[in-house]
Amino acid sequence: QRRREIAYGVLVVVAQGGIAAVSLRSVAKAAGVSMGRVQHYFASKDELVQHACRVVAQVAGEAYEAGAGQPVRERLSQLLTLGFPGSEQARVGTSVWYSFVTSAATDPQLAQLVDEGWAGMRAELTALLTQARAAGELSPAVPADLRPTVLALAALQDGLVLRLMLGAITPQEAHAVVELELDRLVTLG
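Residues numbered from 1 in each chain as written. Predicted model: local features only at pLDDT ≥ 70, side-chain atom pairs only at ≥ 80, totals over all residues. Heavy atoms only, no water.

Undergrad: Just checking my understanding: could you explain the overall build of the chain for this structure?
TA: Counting its regular elements, the chain contains nine helices and zero strands. Moving toward the C terminus, one meets the helices and strands of the chain in the order α-α-α-α-α-α-α-α-α. Summarising its shape, the C-alpha atoms of the chain cover approximately 60 × 30 × 30 Å along the three principal directions. Long-range pairs, those at least 24 residues apart, make up 64% of the contacts in the chain between residues at least 6 apart in sequence. Approximately 10,100 Å² of the chain is accessible, and the part contributed by carbon and sulfur atoms is 55%. Charged side chains of the chain number 16 positive and 18 negative; the gap between the two group centres comes to 8 Å. (Helix = DSSP H or I, 4+ residues; strand = E, 2+ residues; numbered from the N terminus. Contact = heavy atoms within 4.5 Å. Areas by Shrake-Rupley, 256 points an atom, 1.4 Å probe, with all protein chains shown as cover. Lys, Arg positive; Asp, Glu negative; His and termini not counted. Charge placed at Lys NZ, Arg CZ, Asp CG, Glu CD.)

Now the structure itself:
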């Protein structure tokens, strides 16, 4: 719990000044704890950033899992709209995630964490499409090898999130694109 509270301090710092602004001192201030407490749990800036990246992925996973038990199409829609900034808190979370993604280009440990998050999403998309196929709800046009379809859906989600964050499209437009793609792939079960 305390490690997560400190991680939220990292998220505040990253949201306000980027990863370059993260330090033990800036995080302690943002988290409202002593620097000694931060040092007790984390020895370096890298550890702080990596832990915060894990927390962002965990929070997204928890948000997605809150919809467990829904029909496959609903779960697909939920997964593909997960990063959509529907509130200020979600916008901050998404911008922080993309700060991690950007830094992952030069930080191998962060790259591994980001890739684990993306791999989890691809695995869940594969599982949902497999369920839809087993239930007779997947379009026969979807090839037996689901990997290209999964990669296309993941790329669609990334592109829509970026355009939403930049204000190039509205949330309604992004949701309509997701539903249009799901209409093409999955029948209403």
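Undergrad: Help me understand the environment of Arg147 in this model?
TA: Mapped onto the fold, Arg147 is located in helix α8 (residues 147–166). In sequence terms Arg147 and Gly32 are 115 residues apart; their C-alpha atoms lie 45 Å from each other.

Undergrad: Could you clarify how one ought to interpret the layout of surface pockets in this entry?
TA: Over the atoms a probe the size of a water molecule is rolled, and this reveals where empty space is left. Quantified by volume, the largest pocket comes out at close to 920 Å³. Contributing to the lining of the largest pocket are 33 residues, with Val56, Ala57, Val59, Ala60 and Leu82 lying nearest its centre. Mapped by element, the contributors of at least two residues to the lining of the largest pocket are α1 (2–17), α4 (45–65), α6 (88–104), α7 (108–134) and α8. Examining the composition of the lining of the largest pocket, we find that nine residues originate from one element, α4, more than from any other. (1 Å grid on protein atoms, 1.4 Å probe; cavity = no way out; pocket = protein on both sides within 12 Å on 5 of 7 lines; lining within 4 Å. Points joined across faces, edges and corners; volume = space filled by probe spheres on them.)

Undergrad: It is not clear to me how the nonpolar core should be interpreted in this structure. Could you clarify?
TA: Nonpolar side chains in soluble globular proteins tend to end up buried together. Judged by nonpolar contacts, the single largest core of 54 residues is most densely connected at Val22, Leu48, Leu76, Trp97, Phe100, Leu110 and Leu125. Of all the elements in the fold, those that place two or more residues in this core are α1, α2 (24–31), α4, α5 (72–80), α6, α7, α8 and α9 (171–185). Looking at this core, the element that brings in the most residues is α7, giving eight residues. Among residues more than four places away in sequence, those in contact with Leu48 are Ile6, Val10, Val22, Ser23, Leu24, Val27, Val38 and Phe42. (Core = buried A, V, L, I, M, F, W, Y, C linked by side-chain atoms within 4.5 Å. Buried < 20%, exposed > 50% of the residue type's maximum accessible area, 1.4 Å probe, protein only.)

Undergrad: Could you clarify how one ought to interpret α4 in this entry?
TA: Note: α-helices contain 3.6 residues per turn, so residues at a spacing of three or four share the same orientation. The end-to-end C-alpha separation of α4 is 30 Å, in line with the 30 Å expected for 21 residues at 1.5 Å each. For α4, the full list of buried residues reads Leu48, Val49, Gln50, His51, Ala52, Cys53, Val55, Val56 and Tyr64. (Expected span 1.5 Å × (residues − 1).)

Undergrad: So what exactly am I meant to see when it comes to the packing of α4 against α7 here?
TA: In a pair of packed helices, the angle between the axes and the distance between the axes together describe the arrangement. Relative to each other, α4 and α7 sit at 15°, their axes nearing to 9 Å. Relative to α7, the element α4 is oriented roughly parallel. Crossing geometry of α4 relative to α7 is assigned as right-handed. Here α4 contributes Val49, Gln50, Cys53, Arg54 and Tyr64 to the contact with α7, which in turn contributes Gln109, Leu110, Leu113, Val114, Glu124 and Leu128. (Axes fitted to C-alpha atoms, helices over the stretch in contact; angles between N-to-C directions. Parallel < 35°, antiparallel > 145°, perpendicular 65-115°, else oblique. Left-handed = near helix turned anticlockwise from the far one by under 90°.)

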